[in-house]
Structure formats: C-alpha cells, structure tokens
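Single-letter residue listing:
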Amino acid sequence: MKRYLTLPNLTYFLCLAFLLNSYLLVKSSPYFLFLVLPLFVLCNLLPGSSLRGTKSLRLKLCHHGTAVLFLFVCTLIPSLLWHVYLAFRMLPNAYLDLLFSALYCVVASALLFWNGILCVYLTSTQMGLKWRVIGALCGMIPVLNLIVLTKILRITAEEIDFELQRERITSDPALAEICKTKYPLLLVHGIFFRDSKLFNYWGRLPRTLMLHGATIYYGNHPSALTVKESARELAARIKLIVERSGCEKVNIIAHSKGGLDCRYALSEFGIAPYVASLTTINTPHRGCLFAEKLLFAIPQKVKDKVAKIYNVTLSALGDESPDFLAAVSDLTADACQKRNEALTFPAGIYTQSVGSVLTRPQKGQFPLNLSYRYVKGFDGENDGLVGEGSFAWGEKYTLLRTDGNRGISHGDMIDLNRENIRDFDVRAFYTELVEDLRQRGL
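Residues numbered from 1 in each chain as written. Predicted model: local features only at pLDDT ≥ 70, side-chain atom pairs only at ≥ 80, totals over all residues. Heavy atoms only, no water.

**Q** So what exactly am I meant to see when it comes to the overall build of the protein chain here?
**A** Along the protein chain, the regular secondary structure elements total 16 helices and six strands. Across its three principal axes, the protein chain shows a C-alpha extent of roughly 90 × 55 × 40 Å. Counting only residues that meet the buried cut, the protein chain has 50% of its 442 residues in that class. Counting only contacts in the protein chain whose residues sit at least 6 apart along the sequence, the fraction spanning at least 24 positions is 77%. With the model as given, the accessible surface of the protein chain reaches about 22,200 Å², and the carbon-plus-sulfur share is 63%. (Helix = DSSP H or I, 4+ residues; strand = E, 2+ residues; numbered from the N terminus. Buried < 20%, exposed > 50% of the residue type's maximum accessible area, 1.4 Å probe, protein only. Contact = heavy atoms within 4.5 Å. Areas by Shrake-Rupley, 256 points an atom, 1.4 Å probe, with all protein chains shown as cover.)

This is the structure in structure tokens:
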C-alpha cells in the first residue's frame, strides 16, 4: 500500500475530506456547487490515472480503482469526526441540518466507493470469485465490510506491484529473444477445453513467451475424444503447420491429456520427423486410479446423463463429435498401462516431463482444492487431479513444489486462473523452460 501514500493522493484526500462534508457551505450559498461538483468529479477521475511502467488499460483501471478505494477509506475518519462535532454543536435544535449533512456525505461517499469498487471488480485477476462474493455478501455489514475492503485493497495493490515488475522484466531489451527457439512452439490443451480467442487456455503465458521472442501455434483439436482420435487430429494439425509455415519442425508443450495425445501421434501417426521436442505438463502417463474407481462407482444411468449434457454443450460450442465417456475412460490407469505397452518411444526427439503437487489444497482454487483429498486416497500426492507417480516420462523429469504452504495445482500449471502464486511465478517458469529449448538448439 506504500504506492498510495504519495503527495498527489494526500492532495486528493484533503480535497475529498472537504468536499464530502461541504453541505453547510453549499447550503449557505448554492453557488459553491459550481466549485464543489467539478472538484468532486476530478477527485473521482484523477487518482491513479497516471500509472507508469505499463500500457495495460486493465492494470491502469485496477490501479485507479485501488487508489479511489484507498481514498474512500481514508476519508471515513474525518467525515465521522466532523459529524460527531456537528452533533455536539447542533443538537437538538438544528437536527435537520445534521441529518442532511450526513445524507449528503453518505451519498457522495457512495459515489466515490462505487467508482473504485467497480473498477477493481471488473479488472482485477487476483481477487478471484472468492473475494468478489465475500465482498458482495459483507458489503452491508458494518465493520466487517471495512475489514473485507482492506483485504481487497491489499490483494489489488499486490497485484499491481507484481504485474509492474513483470512488465519491467518483459520489456528488458536484453531478454527480448530468450524464447526465440529455432522451431516454433505448439501448445496442446488437455481434456474438456478448447483453444479459444475469448479465453486462452494458457492464461498469460502466450503473451509473455511472444514478448520474449517465441512463435506460437495451438493444437486446435476437440475437447473430448479418445487419445487415438485426438492424436489423429493433432498429427494433421502439425503437418499443416509445417507445410504452411515452412518451419520444418515444432516444439510441443502439452498439458494433461494433451501429452498422451501427442505421444500417440508420434508413435502411431508418423509425425516424428516434424517434431523437435515434446514437453508434457502434469500429464497422467500412468493414468489416474481415482478416475478408474470413479467410473466403476457411478451408476451407468448417471454417467450417460452427464455425458449427454456435456456432449450436447460442446457440440453447440463447436466440437464436431465429442465423446465424454470415451475420453475419460482413456485416462484410467488400466487404459494407460495398455497404451504404454503398445506405444514406441520417439527416437531422436528431446523429451521431458513436468509435474507439480498441492501442499495445502484449501489454499488452492475451486474445484481442485476439493478433489485433492479424493485423489490422494487412490493416487497419493497429487495436483488436484493427477497423482505424482504418473507424471514422469522422457529424458528429464521436473517435479515442482513451493516453499510456502499452498503448492501448485493442475490448473496453476497453465495459468488457468491467472493467479499470482507467492512462491511460484508460472510465467517465469515457462520462460526458463522455453529458453532451455533454445539453448539446446531446438
């Protein structure tokens, strides 16, 4: 919050402390409104309007909202003291003046508050659904609403500081080409998601990598097919990329089931000559025992109903022939074991795998914070979906943990929630991963 303890903000604070409590002045001479109203508008628009070090409109609006809310909290004390003073001075004779002064102050303060809260609600990525809901539920509860607002201010202030630091790193000319690999990157999504321009599966990662010189393509394959059919789609996609771009090969980074799809494509669909490397991220190479148990435990009628709802929904969103049950069944431990026995290892291609584990799932995001304990009962340490024992594959294996008490979930590994984790900078991790591929001549 030190960023908001500045001379300009002190000026805004003094102006607002006067404007919010200027009812008696306006009453004595309505012409003062021609001074009060423009000043009040300016004090709502100017705080935090000049944020240096970024071109992001989202970040600038978040900074503005945080600055306005900070001023709102600061002006509560002088407003309260002023009206306590008025109460001692004016009661009981001039109680209407006291009442209208308080109402005037409350309405003006509310305008200031809603200006700030709408800005941070609409632009902050770190508040998440949790604090937005808590803020809405506690908004009308005295004292508690101020405690929650203080927490929200701390979250958004830390977000701004973190993002500005990332912007400084990204804009460093010395780092402009550290991710400029010989062959472009192909990002391959996991199950139940599609590559979309509206909501990028990979969060803030593509922008960061491209700012560091990377060229990026996406798998653009359906969200729920068997490993074999997904592999067939990906093989065609890779050949098309190579043919149209003339890049010769691609470096694949595949998350979750996407890693299984890519392995199958390499082994069975002849794309090895077009692939320089394959990096799998939190991929269940040995399957998920909990998925197997779950499939057997749920009645067939329930499974069919869930599958039908999913398939209809994804068809409406663009999938040609989604098959929910077939896709999930291919993730069981038994299915993965049989597939591992049949697939050949891709010779001449650099292969590596990455995994992560949650430490305290309650600190993570819904719903993986809930599924963690269920998965742990079958697969041991896990990321909320996949057990640690299933991650390792290829020449190099990296298991990520945090020094703190949170850990890294399945979704955190692709920046799905756009969350800044205190002990794990996902954008820095991928930058280093791709830089390593570049240094290997890939």
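**Q** I would appreciate a short explanation of the nonpolar core in the present structure.
**A** Proteins that are soluble and globular tend to have nonpolar side chains buried together. Core analysis: the biggest nonpolar cluster contains 36 residues, and Val-250 and Ile-252 have the highest contact counts within it. Within the residue set of this core, elements represented by two or more residues are β1 (185-188), α9 (227-245), β3 (250-255), α10 (257-268), β4 (275-281), α12 (300-316) and α13 (324-329). The dominant element in this core, judged by the number of residues it contributes, is α9, at seven residues. (Core = buried A, V, L, I, M, F, W, Y, C linked by side-chain atoms within 4.5 Å.)

**Q** I'm lost on a positive patch on the surface in this one. Help?
**A** A surface patch of like charges, here positive, comprises Lys-130, Lys-151, Arg-154 and Arg-422. Position of Lys-151 relative to the elements: it lies in helix α7 (residues 144-170). A relative accessible area of 31% means that Lys-151 is categorised as partly exposed. (Patch = residues over 30% accessible without salt bridge, like charges linked within 9 Å, V, L, I, M, F, W, Y side chains within 5 Å. Salt bridge = Lys/Arg side-chain N within 4 Å of Asp/Glu carboxyl O. Lys, Arg positive; Asp, Glu negative; His and termini not counted. Charge placed at Lys NZ, Arg CZ, Asp CG, Glu CD.)

**Q** Could you clarify how one ought to interpret the packing of aromatic side chains in this entry?
**A** In this description, a pair of aromatic rings is defined by centroid distance and the angle of the planes. Counting across every chain of the model gives 14 aromatic pairs. Pairing Phe-192 with Phe-324 gives two aromatic rings, centres 5.1 Å apart and planes at 10 degrees, and the pair type is stacked. Residue Phe-192 is found in the loop between β1 and α8 (205-211), and its partner Phe-324 is found in helix α13; the two are separated by 132 residues along the sequence. Members of the aromatic cluster, joined through ring pairs, are Phe-193, Tyr-201, Trp-202, Phe-424, Phe-429 and Tyr-430. Positioned over the ring face of Phe-199 is Arg-418, at 4.2 Å from the centre of the ring. (Phe/Tyr/Trp six-rings, centres within 6.5 Å; stacked < 30°, edge-to-face > 60°. Lys NZ or Arg CZ within 6 Å of the ring centre and 35° of its normal.)

**Q** In this structure, what is going on with the state of the cysteines? I would like to understand it.
**A** Note: disulfide means a covalent bond formed between the sulfur atoms of two cysteine side chains. Within the structure shown, the criterion is met by zero disulfides. This cysteine, Cys-15, is not joined by any disulfide, and Cys-43 carries the nearest cysteine sulfur, 4.7 Å off. By relative accessible area, which is 27% here, Cys-15 ends up partly exposed. Cys-262 takes part in no disulfide bond, and the closest cysteine sulfur to it belongs to Cys-336, at a distance of 14 Å. (Disulfide = S-S within 2.5 Å.)

**Q** Looking at this structure, I do not really get α12. What am I missing?
**A** Note on helix geometry: an α-helix contains 3.6 residues per turn, so any two residues three or four positions apart are oriented the same way. Compared with an ideal rise of 1.5 Å per residue, which puts 17 residues at 24 Å, α12 spans 24 Å between its outermost C-alpha atoms and is within 8% of the ideal. Looking only at α12, the buried set comprises Lys-303, Ala-307, Tyr-310, Asn-311 and Leu-314. With its buried residues spanning 100 degrees around the axis, α12 presents them on a single face. For α12, the exposed residues set more than 90 degrees away from the buried face come down to Lys-301, Lys-305, Lys-308, Ile-309, Val-312 and Ala-316. Against α11 (289-297) and α13 lie the buried residues of α12. Immediately beyond the C-terminal end of α12, within one or two residues, lies Gly-318, with a positive phi of roughly 125 degrees. (Expected span 1.5 Å × (residues − 1). Arc of directions from axis to C-beta.)

**Q** Got a minute to help me understand the pattern of salt bridges in this structure?
**A** A side chain with one charge can pair with a side chain of the opposite charge if their charged atoms come near. The tally for this structure, following the rule as stated, stands at 17 salt bridges. Among the salt bridges present, the one from Lys-180 reaches Glu-177, with a minimum N-O distance of 3.9 Å. A salt bridge links Asp-334 to Lys-338, with the shortest nitrogen-to-oxygen separation between them at 3.4 Å. In this pair, Asp-334 and Lys-338 are both assigned in helix α14 (residues 333-342), four residues apart and thus about one turn of the helix distant.

**Q** Help me understand the pairing of strand β5 (residues 350-356) in this model?
**A** Taken residue by residue, a regular strand's side chains alternate between the two faces of the sheet. With respect to burial, β5 is a largely interior element, seven of its seven residues being buried. Covered by surrounding structure in β5 are Tyr-350, Gln-352, Val-354 and Ser-356 together with Thr-351, Ser-353 and Gly-355, the residues of both alternating faces. Looking at chain direction, β4 and β5 are connected through five bridges and run parallel. Paired with Thr-280 across the two strands is Ser-353, which belongs to β5. (Pairing = 2+ DSSP bridges.)

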